[in-house]
Amino acid sequence: LAVLDHVVSFPPVVLPVQEMVAACKAAHALVLVDGAHAVGSLPGPGLSIPDVGADFHTANLHKWCCTPKGSALLWVRRPLQPLVLPVVTSHGYGLGFHTEFLWQGTADMTAWMAVPAALAVLRALGPGRVAEHNNSMVQAAAALLRGMWGQQLRVLGGDGRGATSGMLALELPQLS
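Within each chain, residues carry numbers counting from 1 in the order of the written sequence. Predicted model: local features are reported for residues with pLDDT of at least 70 only, side-chain atom pairs are reported and counted for 80 or more only, and whole-chain, interface and lining totals are derived from all residues. The side-chain figures draw on all heavy atoms in the structure; neither hydrogens nor water molecules are used.

A few words now on the pattern of salt bridges. Salt-bridge detection follows one rule: a side-chain nitrogen of Lys or Arg within 4 Å of a carboxyl oxygen of Asp or Glu. Per the counting criterion, the structure on display carries one salt bridge. A salt bridge links D55 to K25; the nearest nitrogen and oxygen atoms lie 2.5 Å apart. With D55 in the loop between helix 2 (49-52) and strand 5 (56-60) and K25 in helix 1 (residues 17-26), this pair connects stretches of sequence that are 30 residues apart. A relative accessible area of 4% places D55 in the buried class. In DSSP terms, a helix is any run of H or I states spanning at least four residues, a strand is any run of E spanning at least two, and both are numbered starting from the N terminus. We call a residue buried when its accessible area falls under 20% of the maximum for its residue type, exposed when it is over 50%, and partly exposed in between, using a 1.4 Å probe and counting protein chains only.

Structure, rendered in structure tokens:
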């Protein structure tokens, strides 16, 4: 099993995950993509998880989808779903992938219930538009800090063309 990050948090870099998945598939490896920073932060039309090509994709949604902590997604390619079982066996046992994960006993499902509304808002705003706005804000913040510190400081992250996935790391100035 190859486990790949879609967006590395430090330095913040969007990886060419589709190409990486293809290379792993060529080596006959199953692939899990950790998309913690991908959902809601990628420029362009947004993220199409099946198009990434991985066998498994997981992401927490509180970072860029603005859902409460504890909301996440697990996507599994349909032929592999029988191989993935929940940690807790409940009354959905044997009723298929969705039903087995649906009810895990008594829990606060508020975070999960917020996911459809958060995704609807993201779709309505346009994932690419949100990512571009976040990118422009992070670029402006980096410029402001460089101006305050009066130095040309190294910026880590981004794709070399200015896209950031909403994150940059800025070198701190030398303190005297």
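Here the narrative resumes, following the displayed structure.
On to the packing of aromatic side chains, then. Centre distance within 6.5 Å is the pairing criterion for rings of Phe, Tyr and Trp, where only the six-membered ring of Trp is used; planes under 30 degrees apart are then read as stacked, over 60 as edge-to-face, and the remainder as tilted. For the structure on display, the rule yields one aromatic pair. Aromatic pair F97 and F101: ring centres 5.1 Å apart, planes at 55 degrees, arrangement tilted. You can see F97 and its partner F101 sitting in helix 3 (residues 97-102), four residues apart, about one turn around the helix.

Here we take up the pairing of strand 4 (residues 31-34). As paired elements, strand 1 (residues 2-5) and strand 4 share four bridges and run parallel to each other. Note that in strand 4 the partner of V3 across the bridge is L32. With three bridges joining them, strand 4 and strand 5 adopt parallel strand pairing. Looking at strand 5, one finds that D34 is bridged to T58. Strands pair, by our definition, only if DSSP identifies at least two bridges between them.

Before going further, it helps to examine unusual backbone geometry. A positive phi is found at H28, a non-glycine position, where the angle reads about 65 degrees. Structurally, H28 is set in the loop between helix 1 and strand 4. Accessibility expressed as a relative area gives 76% for H28, which makes it exposed.

Right, let's get into the sheet that holds strand 1. Ordered in space as 1-4-5-6, the four strands form an open sheet in which the pairing is mixed. Looking at the sheet topology across the chains shown, the edges are occupied by strand 1 and strand 6 (72-76). Going from strand to strand, the sheet's axes swing by 15 degrees on average, the running direction of each strand aside. Inter-axis angles, ranging from 0 to 180 degrees, are taken between N-to-C directions of lines fitted to C-alpha atoms, where helices are fitted over the stretch in contact.

Turning next to the confidence of the model for the protein. The pLDDT value expresses, per residue, how confident the predictor is, ranging between 0 and 100. A residue-level look at the protein finds 90% of positions with pLDDT of 70 or above and a mean pLDDT of 84. When pLDDT is averaged over each helix and strand of the protein, the minimum, 72, is found for strand 7 (residues 155-156) and the maximum, 96, for strand 4.

A few words on the side chain of H57. With respect to the helices, strands and loops of the structure, H57 is situated in strand 5. Sequence-distant contacts of H57, defined by excluding residues within four places in its chain, comprise H6, V33, G35, L47, I49, L73, L74 and W75. Should any heavy atoms of two residues lie within 4.5 Å, those residues are considered in contact.

Nonpolar side chains in soluble globular proteins generally cluster together in the buried interior. Listed in full, the nine residues of the largest apolar core are A2, L4, V17, V21, C24, V31, V33, V52 and A54. Breaking this core down by element, the ones donating at least two residues are strand 1, helix 1 and strand 4. If we ignore the near neighbours within four places in the chain, the residues touching L4 are M20, V21, C24, V31, L32, V33 and D34. For our purposes a nonpolar core is just a set of buried Ala, Val, Leu, Ile, Met, Phe, Trp, Tyr and Cys residues, chained together by side-chain atoms within 4.5 Å.

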